[in-house]
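Summary of structural features
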Amino acid sequence: MNLIDLTLTEALEQLRTKKISATELTRAYLDRTKKFGAELNCYITITPERALADAAESDKRYANDTARMLEGIPLGMKDLFATRGIRTTAASKILENFVPEYESTISQKLADAGTILLGKTNLDEFAMGTFSKTSFFGAPVNPYQRNHKLTAGGSSGGSTSAVAGGLALIATGTDTGGSIRFPAAITGLVGMKPTYGLCSRWGCTAFASSLDTMGQIARTVDDATLMLSAMAGHDPKDSTSANFDFKIATTPLNLKGLKIGIIKELSDVKISDDMKNLFAARISDLKSLGAQIIEISIPNILDALAAYYIIAPAEASSNLARYDGMRYGIRETGHDLIDTYMKTRATGFGEEVQRRMIVGTAVLSSESYEVYFMQAARVRRMIADSFNLAFKQCDFIVCPSSSGPAMPLNSDLTPLEYYALDLFTVAMNLVGVPAASVPAGRSTDGLPLGIQVVGKMFDDARVLQMAKHIETFAGLDNRPTSVMGE
Amino acid sequence: MIYTIKGKTGDWELVIGLETHIEVLSKSKLFSGASADYNPSVPANTQVSMVDAAMPGMLPVLNQECVNQAIRFGLAINADITRRSIFARKQYFYPDLPSGYQISQPPELPPVVGRGWIEIESDNGGIKKVLIERAHLEQDAGKNMHDKHPTKSFVDLNRCGVALLEIVTFLDIKNPENNSFITSPDEAERYLRQIREIARATGVSNANMEEGSMRCDVNVSIRKVGEKTFRTRTETKNMVSFKFIKTAIEFEARRQIELYENGGNVSQDTMHYNQDSGTTSVMRSKEDALDYRYFPDPDLLPLIITDEQIEKIRKTMPELPATKRARYMNDLGLSEYDAGRLTESVEISNWFESAVGGVQPRAKGVANWMISELFAHPEFQMKPTDLAQLVDMTRDGEINGKQAKDIFIKMLDGESGSPRDIANKFGMKQVTDTGAITKIVDEVIAANPDQVAEYKNGKVGLLGFFVGQIMKKSGGTTNPAAVNEVLREKLS
């Protein structure tokens with residue numbers, strides 16, 4: 001047995017029964033990070049000393065029966081979450097040496113649940129991107145078919161690379177337009193964007209506040225469920241945090257009589273044959289368990305991308321105004337105040353972040369506000385109304401997580417082609433509904449593909465139950481040693 | 001008569017709009033838990049939370065105490081309280097604004113406090129209603145300091161994020177017949193004093209211009225007498241004294257008159273007021289107006305206010321200065337002047353009411369003593385009960401006015417004890433015994449036969465002479481009323 005291949009659920013069982021120790025488990029992950037860390041480039045910062053100290057503490061707790069929910073589980077933390085005393089860069093040069101004095105709610109909750117922080121995972125700069133290529137620290141690599149140097153997706157590409165490659169057992173992500181679900185889908189993992197408001201945003205570097213959703217990346221649905229139960233919960237420090245008590249479902253979901261919606265408007269979208277076939281196969285699997293498949297309509301769903309690429313940059317341009325070189329982060333001194341601002345921001349931000357801030361500033365300008373920002377807000381409202389209507393007809397909506405599998409990191413895509421990759425994921429952020437990507441199987445080339453299960457607001461527990469059925473049918477072997485071809 | 005300025009081409013009248021910022025009194029800031037106490041004695045950057053410093057991932061949480069203060073002020077200015085309003089980000093780069101945006105309430109939607117009005121004394125002596133368009137909550141900025149270092153500037157963020165209430169007067173352009181706005185520098189001052197009184201009486205703000213807890217932007221336009229429409233206005237920013245505001249309005253109006261009368265036009269500029277010269281100059285032309293890129297703050301939920309919340313606050317509303325003034329005049333019989341002086345601050349009116357202690361006949365005397373004596377000696381910490389006793393002793397004839405004054409001066413000089421103690425100690429007692437008075441009167445009449453003759457021949461003004469002689473002889477202890485009575489009888 002290789003410790004790295006244990007799922008979260010299995011590892012907890014072994015820890016509880018003292019078959020393994022938290023120190024052994026942590027050391028296995030640290031060793032593997034030493035071995036593959038540079039190749040996968042999934043961590044920006046690693047914290048091995050602290051991890052071993054925490055593991056020793058976990059072992060004590062197992063010894064004296066005070067183990068917590070996720071005691072001793074090695075965790076990767078997307079480097080967008082503030083971690084006290086550990087630099088938090090958002091993969092940006094402007095925060096290259098920023099060490100916060102505070103701990104984000106999510107990282108605190110996971111620490112309180114007993115997890116062992118291995119390090120801060122790589123991502124697109126300020127989570128803006130689809131391949132994690134906009135990172136100031138270089139792109140993380142997909143552990144599948146390592147010789148091809150495929151993308152692990154973005155923006156949570158460091159987290160998916162780490163979990164899929166066995167450099168973390170679970171990892172946090174953030175999903176603003178698909179940044180958890182897309183990378184999880186193309187690395188054979190379960191990745192979830194919970195309901196907006198279920199997990200606190202406090203202490204997580206903001207990209208687009210009305211869309212940013214904190215979520216989890218794991219190898220199995222059960223693992224993702226456990227992890228979410230440690231993360232969810234009301235936080236008075238986040239005014240948009242919901243007062244909702246997340247509870248793990250205890251009995252399997254009976255599909256008899258449940259209605260699953262397929263979005264009509266997405267049927268014409270060009271996707272790979274493999275994706276098409278896997279999607280059809282999984283749908284017929286669900287049918288075989290008694291689910292009823294119906295067609296539903298989200299008339300404006302194809303406009304979601306346009307609305308998203310107005311709203312997200314608008315909020316980003318505002319949220320990133322604070323990086324001005326005055327109080328923390330880098331500063332490039334100019335000949336006067338304005339020049340200092342310009343030099344600092346021109347040096348500190350990468351090209352994609354600058355592009356989005358310029359777009360965002362433009363769409364909020366008084367002459368564009370009505371035609372761009374307000375129009376996008378109306379489209380968002382209409383899509384939300386359509387989802388509400390659809391959920392009167394069905395219990396879940398399922399759709400592909402992406403049009404195809406992981407692409408090579410050196411693919412030469414235009415910004416618009418990158419943005420188009422978010423087609424299947426952005427609508428859920430605009431609406432706020434929970435959506436989990438779960439492995440659907442492999443492409444003919446052997447690369448993983450994912451399907452999304454979308455649920456009603458705060459129906460996260462059932463979304464995961466439905467995803468579990470798909471996971472079982474897909475039967476994807478995503479043990480890190482097998483993924484890495486060892 | 002409406003205030004006008006004479007130009008070469010005729011008389012011009014003024015249209016004045018005021019945007020008044022008052023610093024809201026609250027324990028913590030509008031969106032953070034840091035203390036809202038930013039006064040200069042507090043060391044720089046010691047009242048700054050991670051939210052105020054705009055650290056990555058920090059989120060604002062609305063302070064309900066500030067909302068309640070806004071509602072309180074809204075009720076005091078007869079305003080509609082908006083049941084659902086939102087917060088928006090007003091964006092610009094400046095070092096005293098760490099997040100790069102000020103959380104405010106957007107100009108195009110009704111903020112927490114909607115339409116209202118207050119009454120001021122108009123230039124023609126009557127009461128004028130000044131319409132108020134809105135009062136919204138927003139964050140104050142920090143303070144840049146440029147005098148600490150030859151080449152560097154510093155920023156103090158203690159004030160950053162403290163709640164401000166911005167009160168904007170209303171010019172109802174769509175319904176000109178409803179218009180009621182400020183039309184002179186004096187009215188502007190009276191409006192601001194009234195706002196200050198209301199803010200202090202409700203405990204919403206100290207509203208002190210010298211301390212910076214009240215600031216004002218002044219909009220001025222002019223028009224020919226008789227004109228029904230409005231002309232382009234200018235806005236003079238950040239005014240911090242009544243005197244400057246009046247000078248700036250006057251100067252700005254004359255500048256605009258000169259422009260029009262020389263064939264020019266006024267452009268909608270933002271002006272800067274120069275305190276030394278008393279003049280205004282263009283700070284930012286209309287073309288360079290900043291685009292603040294307002295948009296709803298996605299970190300905050302809409303501000304919902306319930307009827308219960310409003311009613312709860314209404315029940316705790318203190319009496320407002322205008323109501324109090326009316327009560328002092330109607331119930332306590334004070335003059336308008338006295339009532340005005342005694343309602344200048346809550347401290348003053350509280351002291352007054354404590355001295356009166358619900359004894360209506362005492363009111364006039366207490367008012368007189370306060371206005372003519374106590375206001376002149378602000379260092380003298382007299383007890384309200386002592387003044388009440390002094391007034392009562394005089395009113396009951398126990399002592400006379402001169403003795404009361406002597407007692408007051410002794411107290412002022414540090415004599416301890418109550419007025420009655422002092423009267424006893426120094427044997428100050430008014431002689432009201434008619435026998436004793438008659439005796440002195442007889443002596444004085446006997447000693448002044450010539451004056452008695454003159455009086456009897458019709459020179460009645462000599463009565464005062466006799467009274468003076470009698471008071472002198474008695475050492476000021478006799479009751480003047482009793483003396484008068486006996487004297488008239490004897491001389492008739």
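For every chain, the first residue of the written sequence is number 1, and numbering continues from 1 onward in sequence order. Key to labels: chains lettered from A, ligands numbered from 1, both in the order written. This being a predicted model, a pLDDT of at least 70 is required before a residue's local features are given, and a value of 80 or more before pairs of side-chain atoms are given or counted; all residues contribute to the totals for chains, interfaces and linings.

**Points about helix 3 (residues 242–261) of chain B**
In this model, helix 3 of chain B (20 residues) spans 29 Å end to end at C-alpha, consistent with the 28 Å of a helix rising 1.5 Å per residue. Partly exposed residues are those falling between the two cut-offs: more than 12 but fewer than 20 other C-beta atoms within 10 Å of their own, whereas 20 or more means buried and 12 or fewer means exposed, with C-beta atoms placed from the backbone. Put simply, DSSP marks the helices as runs of H or I at least four residues long and the strands as runs of E at least two long, and each gets a number from the N terminus on. Turning to helix 3 of chain B, its buried residues number three or more, namely I245, A248, I249, F251, E252, A253, Q256 and I257 of chain B. What a helix is expected to span follows from its residue count: subtract one and scale by 1.5 Å.

**Some remarks on the domain arrangement of chain B**
Domain boundaries assigned for chain B yield domain 1 (4–310), domain 2 (319–425) and domain 3 (434–491). Domain start and stop positions are those given by an automatic or database domain assignment. Here domain 1 of chain B and domain 3 of chain B have C-alpha centroids that lie 66 Å from each other.

**Some details on the interface of chain B and chain A**
Frequently, the measure chosen for interface size is the accessible area that the parts lose on association. On the side of chain A, 34 residues touch chain B, which itself brings 24 residues to the contact. The class makeup of the residues in the side of chain B that touches chain A is 16 nonpolar, 4 polar and 4 charged. C-beta atoms are first placed from the backbone for all residues, and any pair lying within 7 Å is then listed as a contact. Note on residue classes: Ala, Val, Leu, Ile, Met, Phe, Trp, Tyr, Cys and Pro are nonpolar, Asp, Glu, Lys and Arg are charged, and everything else, Gly too, is polar.

**Some details on the environment of Y294 of chain B**
Residue and element names in this part refer to chain B. Examined against the element boundaries, Y294 turns out to sit in the loop between strand 14 (279–284) and strand 15 (295–296). The class of Y294 is buried, set by 20 C-beta atoms lying within 10 Å. Among residues more than four places away in sequence, those in contact with Y294 are A88, R89, K90 and P106.

**Looking at unusual backbone geometry**
Residues and elements named next belong to chain A. Omega for the peptide link from G154 to S155 comes to 5°, which places this bond in the cis form. When you line up the elements, S155 lands in the loop between strand 3 (116–121) and helix 5 (157–165). Within the chain, K18 stands out as a residue other than glycine whose phi angle is a positive 60°. Mapping K18 onto the fold places it in the loop between helix 1 (8–16) and helix 2 (22–40).

**Describing the packing of helix 7 (residues 221–231) of chain A against helix 15 (residues 460–474) of chain A**
All names here are of chain A. Where helix 7 meets helix 15, the closest approach of the two axes is 9 Å, and the angle between their N-to-C directions is 165°. Taken together, the axes of helix 7 and helix 15 are roughly antiparallel relative to one another. Every pair of crossing elements has a handedness; the one defined by helix 7 and helix 15 is right-handed. Residues V221, A224, T225 and L228 of helix 7 pack against D460, L464, A467, K468 and E471 of helix 15. Note on geometry: axes are lines fitted to C-alpha atoms, helical ones only across the stretch in contact, with angles between N-to-C directions running from 0 to 180 degrees. For this classification, under 35 degrees means roughly parallel, over 145 means roughly antiparallel, 65 to 115 means roughly perpendicular, and everything else is oblique. A clockwise turn of the near helix away from the far one marks a right-handed crossing, whereas an anticlockwise turn of less than a right angle marks a left-handed crossing.

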